[in-house]
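Coordinates in review
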Amino acid sequence: MQLRDLTTKKRDGRPLSDDEIRWFISAYTRGDLLDYHAAGLLGTIFVRGLDERELGTWTRAMLESGSRLDLSHVQQPKVDKHSTGGVGDKVSLALAPALAACGMAVPMISGRGLGHTGGTLDKLEAIPGFVTRLSEDEIVRVLDECGLVFAGQTERLVPADKKLYALRDATGLVEAVPLIASSIMSKKLAEDLDVLFLDVKYGSGSFMPDPVDGERLARTMLGIARSCGLKCSVALTAMDRPLGRAVGHALEVAEIGECLAGGGPADLRELVVAQGGEVLHLAGAASSHEEGRQRIAAVLDNGHARTLFEVVIKAQGGDPRVVARPALLPQAPAVEPFVADRDGFLSFHSVREVGLAVAALGGGRLRIDDQIDPAVGLVWRRAAGEAVRAGETLCEIHHRSGHGLARCQSHLTNAVEVLPAAAPGRLILDWLR
Ligand code: URA
């Protein structure tokens, strides 16, 4: 086959055959095709899309480009959640141990942050000693031992995605619904799950600022899950304000310690409880969403989820004492207030700018191989919609000797507005089941 023929076919609005799709994914993964030829095809897909059959074949071909986890010996329901990512979104760190404390097996394979968003792996690596780079055998061993595991993508799981994602990133072709949906779902299907929960973010801090696009992505991923026999549900949740109070790796781990002690910010707890309740219901471990919520709330309040978080941290080489003693996490040497310039109510004009403010301090990655400073970040002292007075601290900037401080402050100035009135919208806009 000639890749050029596939590109012109798609360009002219004709669907690709199953054989053509399978050939492309396998030849590109093997390294038999040139990047600029492959980018041509991805570009036409960006514009033309993929129909339901093409998308199903594309996703399965990506899945079959590598191996899958074999969790056939695991007796408990195997569950995971994926978030499309945002600013301060640390839900996975509390949700995984809470689900494990409710008897689920949670093989959580996550990604790293890029641009304004944070990544679960980077947050965990703020814990001294914590190792996220595990082989498939190690993933299974930690899962068997602890009931949960946090790991990065391995070389052998969905290698097609690794190559295609890098090419899309380099060529400005990331934000296409079928390409995002197949990328996320092929990796989740490789985890051998019974249940998947998807948190699709909308708003200025997300991939998909418009909720209509968010819903399209959500429905596309749900369709793939259904066609592969995976139980799945989706929530569309707000990223038009940061989630919780902390943004920055070690600061977010400290906030997770509070959530796992039954406290922490209300919006963080609500997402953990709501998403966990949904997973337990889907997995058949709770007779209703409400009963699931109560079970998750109970393991946050009685310390069981926190104990499991400590157990998995230890199993993955980290120092579990950080959960109870956040002072053992990396600390930035200096803290500077960012203050309100007038009386009014706090509103977030651009949450993306909040993420970029943290990246400016060294706490984010603008290129995939950038190093991250885990200690720096922000702690909000006021939440969206709260009354503030001129001169009052909106957030604390945790910085390293002024590195990036002026750029951080300028991003924060773009991020926030103090308005005569502001009321945040709903945290959970919709459920798709
Ligand atoms: N996250 C992924 O894993 N893939 C995408 O394409 C976008 C976000």
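Here the residue numbers are simple positions, counted from 1 along each chain's written sequence. Confidence filtering applies because this is a predicted model: local features only for residues at pLDDT of at least 70, side-chain atom pairs given and counted only at 80 or more, and all residues used for totals across whole chains, interfaces and linings. For the side-chain quantities, the full set of heavy atoms in the structure was used; hydrogens and water were omitted.

1. Side note on the pairing of strand 1 (residues 79–83)
In terms of burial, strand 1 is largely enclosed, as 4 of its 5 residues are buried. In this description, strands pair whenever DSSP reports at least two bridges between them. Numbering of helices and strands runs from the N terminus, with a helix taken as a DSSP run of H or I at least four residues long and a strand as a DSSP run of E at least two residues long. Looking at chain direction, strand 1 and strand 4 (residues 195–202) are connected through 5 bridges and run parallel. Each residue of the ladder has a partner; that of S83, found in strand 4, is D199. Relative accessible area decides the class of each residue, using a 1.4 Å probe on protein chains only: under 20% of the type maximum gives buried, over 50% gives exposed, and in between gives partly exposed.

2. What about the packing of aromatic side chains?
Note on ring pairs: Phe, Tyr and Trp rings are taken, using the six-membered ring of Trp, and paired if centres are within 6.5 Å. Classes follow the plane angle, with under 30 degrees stacked, over 60 edge-to-face and the rest tilted. Tallied over the entire structure, the rule returns 5 aromatic pairs. Judged by centre distance (6.0 Å) and plane angle (10 degrees), the ring pair of F24 and Y28 falls under stacked. Residue F24 and its partner Y28 are located together in helix 2 (residues 18–30), separated by 4 residues, close to a single helical turn. By relative accessible area, which is 3% here, Y28 ends up buried. Through pairs of rings, three or more aromatic residues link up here, namely F24, Y28 and W58. Comment: the charge-over-ring label is applied if NZ (Lys) or CZ (Arg) is within 6 Å of the ring centre and within 35 degrees of the ring normal. Positioned over the ring face of Y28 is K163, at 4.6 Å from the centre of the ring.

3. Let's talk about the environment of A166
Here A166 lies in helix 8 (residues 159–171). The class of A166 is partly exposed, set by a relative accessible area of 46%. Taking the C-alpha atoms as reference, A166 lies 9.2 Å from I368; in sequence the two are 202 residues apart.

4. Considering the domain arrangement of the protein
All the domain ranges listed were derived from an automatic or database domain assignment. Domain boundaries assigned for the protein yield domain 1 (3–49), domain 2 (79–323) and domain 3 (330–419). Put simply, the middle of domain 2 and the middle of domain 3, counted by C-alpha atoms, are 24 Å apart. Note on contacts: a residue pair qualifies if any of its non-hydrogen atoms lie within 4.5 Å across the two residues. Facing the 21 residues of domain 2 at the interface are 31 residues of domain 3. Summed over both partners, the accessible area (1.4 Å probe) lost when two parts come together is defined as the buried area. The largest per-residue losses of area from domain 2 upon contact with domain 3 belong to H116, R245 and L251, which jointly make up 30% of the total buried on that side.

5. Here we look at the sheet that holds strand 10 (residues 387–388)
Taken together, the 3 strands give an open sheet; going across it, the order is 10-8-12, and neighbouring strands pair in antiparallel fashion. Of all the strands in the sheet, the pair left with one neighbour each is strand 10 and strand 12 (416–419). The pairing of strand 8 (residues 344–348) with strand 12 spans 4 bridges and is classified as antiparallel. Bridge pairing in strand 12 places L346 opposite V418. Axes, fitted as lines to C-alpha atoms, cover a helix only where it is in contact. Angles between the N-to-C directions of the axes lie from 0 to 180 degrees. Contacts from helix 16 (residues 405–415) reach strand 8 and strand 12 within the one sheet, and its direction differs from that of strand 12 by about 45 degrees.

6. Thoughts on the pairing of strand 4
A large share of strand 4 lies buried, amounting to 8 of its 8 residues. The alternating pattern of strand 4 places V195, F197, D199 and K201 on one face and L196, L198, V200 and Y202 on the opposite face, and all of these are buried. With 8 bridges joining them, strand 4 and strand 5 (residues 231–238) adopt parallel strand pairing. If you follow L198 over to strand 5, its bridge partner there is V234. We call a crossover right-handed when, viewed with the strands running away from us, the connection from the first strand over the helix to the second turns clockwise. Running through helix 10 (residues 211–227), the crossover from strand 4 to the neighbouring parallel element strand 5 is right-handed.

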